[in-house]
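Fold and contact review
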Amino acid sequence: MMFVMAAVMEGPLADLSAWKPTECSIAKAMDIVGTRSAILILREAYYGTTRFDGFAARVGITDAAASGQLRRLTEAGLLAKRPYQEEGKRTRHEYVLTDMGRDLLPVVLALMQWGDTYLQPGPAPLLLVEESSGAPVRVQVRSEKGREIDLEELGVRLNPDYARARSAK
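What counts, and where the lines are drawn
- Residues numbered from 1 in each chain as written.
- Predicted model: local features only at pLDDT ≥ 70, side-chain atom pairs only at ≥ 80, totals over all residues.
- Heavy atoms only, no water.
- Patch = residues over 30% accessible without salt bridge, like charges linked within 9 Å, V, L, I, M, F, W, Y side chains within 5 Å.
- Areas by Shrake-Rupley, 256 points an atom, 1.4 Å probe, with all protein chains shown as cover.
- Salt bridge = Lys/Arg side-chain N within 4 Å of Asp/Glu carboxyl O.
- Helix = DSSP H or I, 4+ residues; strand = E, 2+ residues; numbered from the N terminus.
- Buried < 20%, exposed > 50% of the residue type's maximum accessible area, 1.4 Å probe, protein only.
- Polar contact = N/O pair within 3.5 Å; in protein donor to acceptor, adjacent residues only side chain to side chain.
- Contact = heavy atoms within 4.5 Å.
- Core = buried A, V, L, I, M, F, W, Y, C linked by side-chain atoms within 4.5 Å.
- Axes fitted to C-alpha atoms, helices over the stretch in contact; angles between N-to-C directions.
- Parallel < 35°, antiparallel > 145°, perpendicular 65-115°, else oblique.
- Nonpolar A, V, L, I, M, F, W, Y, C, P; charged D, E, K, R; others polar.
- 1 Å grid on protein atoms, 1.4 Å probe; cavity = no way out; pocket = protein on both sides within 12 Å on 5 of 7 lines; lining within 4 Å.
- Points joined across faces, edges and corners; volume = space filled by probe spheres on them.

Some points on a nonpolar patch on the surface
A cluster of nonpolar side chains, contributed by M5, L151 and L154, occupies part of the molecular surface with about 280 Å² of accessible area. Inspection of the secondary structure assignment puts L154 in the loop between helix 6 (105-118) and strand 4 (155-156). Classification of L154 as partly exposed rests on a relative accessible area of 36%.

Written as structure tokens, this is what we have:
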């Protein structure tokens with residue numbers, strides 16, 4: 001049995017053949033974080049890794065790949081370079097999350113949650129909990145009023161501010 005479940009496309013978006021998803025925010029995000037190594041470097045930054053060698057080793061990529069991804073994530077504004085110096089050594093840089101990088105946390109945790117549910121052969125390897133209470137943490141789609149929203153209840157409409165800005169150009 002096949003179920004058709006989709007978001008509710010509203011207004012001019014209801015006819016999918018009548019518009020193209022230009023300026024898609026998902027596509028723009030994937031241009032920055034759409035590779036395995038980019039997401040895993042962010043995972044490591046969330047776990048506390050800050051040094052180049054740590055990222056390369058923990059993600060399991062070459063120094064060249066780590067360098068390229070760290071440069072891309074830094075240029076995009078998700079990470080920032082911060083100088084540090086160990087005693088008797090030259091100044092080096094570590095990588096720290098910016099607000100933009102921290103704001104991507106729900107996306108990475110949602111991927112983890114989805115992988116735990118559908119890809120792990122047994123129990124999830126890690127548990128996400130509120131550190132102070134031990135209560136489980138889950139990523140969910142909720143309205144501003146706090147109600148969980150299913151796909152069929154999700155409305156997608158053209159943002160009038162975006163439409164005004166586009167027509168002003």
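Details of the side chain of E94
With respect to the secondary-structure elements, E94 resides in strand 3 (residues 91-97). Within the local environment of E94, its side chain forms a polar contact with the side chain of T50, the two groups lying 3.2 Å apart. Looking at E94, its side chain comes within polar contact range of the side chain of R82, at 2.7 Å. Ignoring anything within four residues of it in the chain, the contact list for E94 reads T50, R51, A80, K81, R82 and Y84.

Quick look at the environment of Y84
Its place among the elements puts Y84 in strand 2 (residues 79-85). Overall, Y84 belongs to the buried group, its relative accessible area being 15%. Sequence separation between Y84 and L40 is 44 residues, and the spatial gap between their C-alpha atoms is 23 Å. Sequence-distant contacts of Y84, defined by excluding residues within four places in its chain, comprise R51, R90, T91, R92, H93 and E94.

Some points on the nonpolar core
Generally speaking, soluble globular proteins have nonpolar side chains that are buried together. The biggest cluster of nonpolar side chains holds 19 residues, and the ones touching the most others in it are V33, I41, L42, F55, L70, L73 and L79. Of all the elements in the fold, those that place two or more residues in this core are helix 2 (36-47), helix 3 (52-59) and helix 4 (63-76). With six residues, helix 2 is the single largest residue contributor to this core. Discounting chain neighbours no more than four positions away, the residues touching L73 are I32, V33, A38, I41, L42, L78 and L79.

Thoughts on the packing of helix 2 against helix 6
At a minimum axis distance of 11 Å, the contact between helix 2 and helix 6 shows a crossing angle of 110 degrees. Comparing their axes, helix 6 and helix 2 come out roughly perpendicular. Contacts between helix 2 and helix 6 involve I39, Y46 and Y47 from the first element and L105, V108, L111 and M112 from the second. Taken together, the residues of the contact of helix 2 with helix 6 break down into seven nonpolar, no polar and no charged.

Observations concerning the layout of surface pockets
Rolling a probe over the atoms, with the probe sized like a water molecule, indicates the empty space that remains. A volume near 590 Å³ is recorded for the largest pocket. What lines the largest pocket is a set of 18 residues, and nearest its centre among them are W19, P21, T22, L158 and Y162. Where the lining of the largest pocket is concerned, the elements lending two or more residues are helix 1 (25-33) and helix 7 (160-168). For the lining of the largest pocket, the element with the most residues is helix 7, which contributes three residues. Grouping the constituent residues of the lining of the largest pocket by class yields eleven nonpolar, three polar and four charged.

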